[in-house]
Amino acid sequence: MDTLQAILLGIVQGITEFLPVSSSGHLQIAKALLGVEIEQNLMFDVTLHAATVLSTIVVLWREVARLLGGLFARRFNEEQAYVLKLLLSMIPIGIVGFTLKERLDALLESPAILLVVGCMLLATAALLAFAYYAKPRQKAELSYRDAFLIGVAQAAAALPGLSRSGTTIATGLLLGNRKETVAQFSFLMVLAPILGETFLELMKGNLGAQAIGTVPLAAGFIAAFIVGCLACRFMIEIVKRGKLVWFAIYCAAAGVLSIGSYLF
């Protein structure tokens, strides 16, 4: 993989991390289209995900600062309750990470990865369409139960091609939560899991800079971060306006393309 290919993959990651179209699925499709075959495939993906996590922190820094400021107050407050909900939402993905990580890693290297991605993109399309047309009564605030169920949705989205943001946002909307509330919660709940995974890989010395190359790895990281900052702002506005049905149509088309690429 050369530097230009790494930048292109970083741009793909930055755009698709926040749009409900599956960043992991699109990374695999983009690699296939670019003819990229790299060692430490998972480590490159983790690096790009870390870049978009950093962009989330930059875009939502006021909310992050507010939560951190209220976290250490003596009396239980709204910020501490919100952090508890975030922690509760991380339990399912933590269980999946500890029990199924090796199988999920192996899936990324499978010859049938495009078939898996295509099927999961079709599932994402169906979920987004259902959430768009369903009209549940909106709640005043996101509950602990809803936080956990959104976390279950995030754990399911560990499958490549099943959009994390699309699955969690659609689940939150179907549970009757407000659009802006769900969007913000969806973007914040992924911070700790991805940062934790990146930290573990760093401790293992598995980031793959030697196999991939330091310059391409850095170029991909920077591209994903810059584009991620723009995409995060854009997606929050899109969710507020409720136009997720267009992403459902796109996911369906991308899913058919991915399946067709595998079969033919």
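In this text, all values refer to a predicted model and were calculated from it rather than measured experimentally. (Residues numbered from 1 in each chain as written. Predicted model: local features only at pLDDT ≥ 70, side-chain atom pairs only at ≥ 80, totals over all residues. Heavy atoms only, no water.)

Observations concerning a nonpolar patch on the surface
Put simply, the rule reads: A patch is a set of surface residues, each over 30% in relative accessible area and not in a salt bridge, joined within 9 Å for like charges and within 5 Å for the nonpolar side chains Val, Leu, Ile, Met, Phe, Trp and Tyr. For accessible areas, the Shrake-Rupley method is used with a probe of radius 1.4 Å. Any residue's cover is judged against the shown protein chains and nothing else. By salt bridge we mean one thing: a side-chain nitrogen of Lys or Arg within 4 Å of a carboxyl oxygen of Asp or Glu. A run of DSSP states H or I qualifies as a helix once it reaches four residues; a run of E qualifies as a strand once it reaches two. Both are numbered from the N-terminal end.
On the surface, a cluster of nonpolar side chains totalling about 390 Å² of accessible area is made up of Ile91, Ile95, Phe148, Leu149 and Val152. Residue assignment for the nonpolar patch shows that the elements contributing at least two residues are helix H5 (78–108) and helix H7 (144–156). If one sorts the elements of the nonpolar patch by residue count, H7 sits on top with three residues. Here Leu149 lies in helix H7.

A few points about unusual backbone geometry
Convention followed: The buried label applies to any residue whose accessible area, calculated with a 1.4 Å probe on protein chains only, is under 20% of its type's maximum; exposed applies above 50%, and partly exposed to all values in between.
The residue Ser22 is not glycine, and still its phi comes out positive at about 75°. In this fold, Ser22 is placed in the loop between helix H1 (3–16) and helix H2 (23–34). You can call Ser22 buried: its relative accessible area is 2%.

A closer look at the pattern of salt bridges
Scanning all chains against the criterion turns up four salt bridges. When the shortest N-O distance is used, the salt bridge between Arg66 and Glu79 registers 2.7 Å. Pair noted here: Arg66 is in helix H4 (residues 61–71) and Glu79 is in helix H5, with a separation of 13 residues, a long-range link. Looking at Arg66, the relative accessible area reads 35%, which means it is partly exposed. Taking the shortest distance from any N to any O, the salt bridge between Asp146 and Arg145 comes out at 3.0 Å. Look at Arg145 and you get exposed, because its relative accessible area is 52%. Three or more residues are tied together by salt bridges with common partners; here these are Glu63, Arg66 and Glu79.

Comments concerning the environment of Leu162
Heads up, the rule is: When checking whether two residues touch, look at their non-hydrogen atoms; a contact exists if any pair is within 4.5 Å.
Along the chain, Leu162 turns up in the loop between H7 and helix H8 (164–174). Each C-alpha atom of the pair Leu162 and Met120 lies 4.8 Å from the other, and the pair is 42 residues apart in sequence. When near neighbours in sequence (up to four residues on either side) are disregarded, Leu162 contacts Ser22, Met120, Ala123, Thr124, Ala156, Ala157 and Thr167.

Quick look at H8
To be explicit about the condition: Side-chain atoms alone can form a polar contact between residues adjacent in sequence; in general such a contact is a pair of N or O atoms within 3.5 Å, and within protein one must be able to donate a hydrogen while the other accepts it.
Here H8 lies mainly inside the structure; 10 of its 11 residues are buried. Of all the positions in H8, only Arg164, Ser165, Gly166, Thr167, Thr168, Ile169, Ala170, Thr171, Gly172 and Leu173 are classed as buried. In the core, the buried residues of H8 are packed alongside helix H6 (113–133), H7, helix H9 (179–188), helix H12 (214–241) and helix H13 (244–263). Near the N-terminus of H8, the side chain that reaches the backbone nitrogen of Gly166, with its oxygen 2.9 Å away, is that of Ser163. Trailing H8 by a residue or two, Gly176 shows a phi angle of about 95°, which is positive.

Some thoughts on H1
Note the threshold: How far a helix is expected to stretch is found by multiplying one less than its residue total by 1.5 Å.
Its 14 residues give H1 an end-to-end C-alpha distance of 20 Å, which sits within 8% of 20 Å, the value for a rise of 1.5 Å per residue. The opening residue of H1 is Asp2, an N-cap whose side-chain oxygen sits 3.3 Å from the backbone nitrogen of Leu4.

Observations concerning the environment of Ala219
Topologically, Ala219 is positioned in helix H12. The exposure class assigned to Ala219 is buried, which follows from its relative accessible area of 14%. A C-alpha to C-alpha distance of 6.5 Å links Ala219 and Thr3, two positions 216 residues apart in sequence. Apart from residues no more than four positions distant in its own chain, Ala219 is found in contact with Thr3 and Ile7.

As for the nonpolar core
Test applied: Think of a nonpolar core as a cluster: buried Ala, Val, Leu, Ile, Met, Phe, Trp, Tyr and Cys residues, connected wherever their side-chain atoms sit within 4.5 Å.
Core analysis: the largest hydrophobic core is formed by 49 residues, its most contacted members being Leu86, Phe185, Leu188, Met235 and Leu244. Setting aside chain neighbours within four positions, we find Leu188 in contact with Leu60, Glu63, Val64, Leu67, Tyr82 and Leu86. Formed by nine residues, the second largest nonpolar core is a distinct cluster that contains Ala30, Leu48, Leu217 and Ala224.

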